[in-house]
Amino acid sequence: TCREPFSSARLQDFDDHVLITVHEALAPKEASEDLFDTTEVDVVIGKRFLLTYHERPVDCVRQLRETLARNGRHFARGPWFLLHDLLDRLVDAYLPVMDAIDDEVEKLEDRVIGKPERADLEAILTLKRSLQRIRRASARHKEIITALFRDDMDLVPDEIQPYFRNVYDHLA
């Protein structure tokens, strides 16, 4: 998966590690662009390690690295707590994108009530595609996070499972 960019979000459980592929939401650079774009983040985690692979800078990884630089005690909690922190930040990155879509819908409503134009129809279709992609990404992320708080994965410590439930609630 790490060598196959832009793969679907997924979780693969191996004997001594877990491979997780997720996608961080990116805010659009221009209003005319599709309002939902992502960058892939591959995570390999075991009992004593967490590795990430991404082709371009990722905010959730940068933020986690900054937190660790400020407070090294964060490391002592172990890789699964770091994964929780990373996933929590990744899920939170979807909120500004949703806010941008809400803002765009409000603008469109105002324009369409007046005199709708072809550009308005194109904008509606772009928003619809963005929302469909968000739904698909959220559904896949929910499946991954659900697997992390269920008891069927031996590598996931029991004490971290409630934290993953909390991340799941952010997606609901």
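Look a little higher up for the structure.
Our subject in this report is the structure included herewith.

So, how was this worked out
Sequence order as written defines the numbering, with residues in each chain counted from 1. Selection of residues for local features in this predicted model requires a pLDDT of at least 70, selection of side-chain atom pairs for listing and counting requires 80 or more, and totals for whole chains, interfaces and linings are taken over all residues. Side-chain measures here rest on the full set of heavy atoms in the structure, leaving out hydrogens and waters. One requirement defines pairing of two strands: DSSP has to find at least two bridges between them. Per the convention used, a helix needs a DSSP run of H or I reaching at least four residues, while a strand needs a run of E reaching at least two, with both numbered from the N terminus. To estimate the expected span of a helix, subtract one from its residue number and multiply by 1.5 Å. The contact criterion used is simple: two residues touch if any of their non-hydrogen atoms lie within 4.5 Å. Think of each axis as a best-fit line through the C-alpha atoms, taken over the contacting stretch in the case of a helix, with angles from 0 to 180 degrees between the N-to-C directions. Throughout this description, buried means an accessible area under 20% of the type-specific maximum (1.4 Å probe, protein chains only), exposed means over 50%, and partly exposed covers the range between. In plain words, nonpolar cores are sets of buried Ala, Val, Leu, Ile, Met, Phe, Trp, Tyr and Cys residues tied together by side-chain atoms within 4.5 Å. For Phe, Tyr and Trp, where Trp contributes only its six-membered ring, two rings pair if their centres lie within 6.5 Å, and the inter-plane angle classes them as stacked under 30 degrees, edge-to-face over 60, or tilted in between.

1. Some thoughts on the pairing of strand β1 (residues 10–13)
Working step 1: Two strands pair when backbone bridges link them, and β1 and strand β2 (residues 18–26) are joined in this way by four bridges, in the antiparallel orientation. By the bridge assignment for β2, Asp13 is matched with Val18.
Working step 2: In sequence, β1 turns back onto β2 through a hairpin of four residues.

2. Looking at helix α1 (residues 59–70)
Working step 1: Between its first and last C-alpha, α1 extends 16 Å over 12 residues, near the 16 Å set by a 1.5 Å rise per residue.
Working step 2: Considering only its buried residues, α1 is in contact with β2, β3 (37–45), β4 (50–53), α2 (73–76) and α3 (79–92).

3. Brief notes about the sheet that holds β1
Working step 1: Strands sit in the order β1-β2-β3-β4 across an open sheet of four strands; the sheet is antiparallel. Since the sheet does not close on itself, it has two edges, and those belong to β1 and β4, each with one partner. The average undirected angle you get between the axes of adjacent strands in this sheet is 25°.
Working step 2: The strands touched by helix α5 (residues 118–149) within the sheet are β1, β2 and β3, with β2 carrying the most contacts at an inclination of about 145°.

4. Some thoughts on α3
Working step 1: The end-to-end C-alpha distance of α3 is 20 Å, a good match for the 20 Å that 14 residues give at a rise of 1.5 Å each.
Working step 2: Turning to α3, its buried residues number three or more, namely Pro79, Trp80, Phe81, Leu82, Leu83, His84, Asp85, Leu86, Leu87, Asp88, Leu90 and Val91.

5. As for the nonpolar core
Working step 1: By size, the foremost hydrophobic cluster in this structure holds 41 residues, and its most contacted members are Ile20, Trp80, Leu83, Leu87, Ile145, Leu148 and Phe164.
Working step 2: At the level of secondary structure, the elements contributing two or more residues to this core comprise β2, β3, α1, α3, α4 (94–114), α5 and α6 (161–171).

6. Quick look at the packing of aromatic side chains
Working step 1: Overall, the coordinates contain two aromatic pairs when judged by the stated rule.
Working step 2: A centroid spacing of 5.2 Å and a plane angle of 75° characterise the contact between Phe81 and Tyr163, whose relative ring orientation is edge-to-face. Taken as a pair, Phe81 in helix α3 and Tyr163 in helix α6 lie far apart in primary sequence, 82 residues in all.
Working step 3: With 5.8 Å between their ring centres and 80° between their planes, Phe149 and Tyr168 make a pair best called edge-to-face. Of this pair, Phe149 sits in helix α5 while Tyr168 sits in helix α6, placing them 19 residues apart in sequence.
Working step 4: Since its relative accessible area comes to 26%, Tyr168 is described here as partly exposed.

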